[in-house]
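Structural overview for review
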Amino acid sequence: MIMYNFAEMMTSHVVISQMDKQHHYQVNFTVAVYVCRHFLRSRGDGPLPDVEALIRKNILPIRPIRPGQQNTRKIRWKSAVSFVYRVA
């Protein structure tokens, strides 16, 4: 839980510039957790990584919901599987 809180705090402090681009961007949280884990495991024998810069480099576009979508999802129902065959 401490790792999640630390990664969430670091990603909330990262500023992503939303210039004149086609998509809006968000932080890749999976990579952010990996970078934070690497930062916390480093023992200080070498230079410490710049966590915010590494998180800022790994961003993903936010996919908007398509407006005016008419077709709904077709959900197929699955029947229950019996486990009688396992009785020996």
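To keep things clear, this report deals only with the structure shown in the data block. Nothing here was measured: the structure is a model prediction, and the numbers come from that model.

All right, on to the packing of aromatic side chains then. Note on aromatic pairs: each is described by the distance of the centres and the angle between the planes. Taken as a whole and assessed by the stated rule, the structure comprises two aromatic pairs. Ring geometry for Tyr-4 against Phe-29: centres 5.6 Å apart, planes inclined by 65°, an arrangement best described as edge-to-face. Of this pair, Tyr-4 sits in helix 1 (residues 2-13) while Phe-29 sits in helix 2 (residues 29-41), and the two are 25 residues apart along the sequence. Here Phe-6 and Phe-39 contribute two aromatic rings whose centre-to-centre distance is 6.2 Å and whose plane-to-plane angle is 10°, an arrangement assigned as stacked. Highlighted residues: Phe-6 in helix 1 and Phe-39 in helix 2, separated in sequence by 33 residues. On the basis of relative accessibility, which here comes to 17%, the residue Phe-6 falls in the buried class.

Here the focus is the packing of helix 1 against helix 2. Taken N-terminus to C-terminus, the directions of helix 1 and helix 2 make an angle of 110°; their axes are 9 Å apart at the nearest point. Classed by the angle they form, the pair helix 1 and helix 2 counts as roughly perpendicular. Helix 2 is crossed by helix 1, and the crossing has right-handed handedness. On the side of helix 1, the interface is formed by Met-3, Tyr-4, Phe-6, Ala-7, Glu-8, Met-10 and Thr-11, while helix 2 contributes Phe-29, Ala-32, Val-33, Cys-36, Arg-37, Phe-39 and Leu-40.

What counts and what doesn't
- Note on numbering: residues in each chain are counted from 1, in written sequence order.
- Whole-chain, interface and lining totals are the exception, using all residues; otherwise, since this is a predicted model, local features are given only for residues with pLDDT of at least 70 and side-chain atom pairs are given and counted only at 80 or more.
- Water and hydrogen atoms play no part in the side-chain values, which are based on all heavy atoms of the structure.
- Stacked, tilted and edge-to-face are the three classes assigned to paired rings of Phe, Tyr and Trp, where Trp is represented by its six-membered ring and a pair needs centres within 6.5 Å; plane angles under 30 degrees give stacked, over 60 edge-to-face, the rest tilted.
- Each helix is a run of DSSP H or I of at least 4 residues and each strand a run of E of at least 2, with the numbering of both proceeding from the N terminus.
- Exposed residues in this analysis have more than 50% of their type's maximum accessible area, buried residues have under 20%, and partly exposed residues fall in between, with area computed by a 1.4 Å probe over protein chains only.
- An axis is simply a line fitted to the C-alpha atoms; with a helix, the fit covers only the stretch in contact. Between two such axes, the angle follows the N-to-C directions and lies from 0 to 180 degrees.
- To sort the angles, those under 35 degrees are grouped as roughly parallel, those over 145 as roughly antiparallel, those from 65 to 115 as roughly perpendicular, and the leftovers as oblique.
- By definition, any crossing whose near helix is turned counterclockwise from its far helix by less than a right angle is left-handed, and any crossing with a clockwise turn is right-handed.
- Should any heavy atoms of two residues lie within 4.5 Å, those residues are considered in contact.

Geometric values such as these leave the question of function open.
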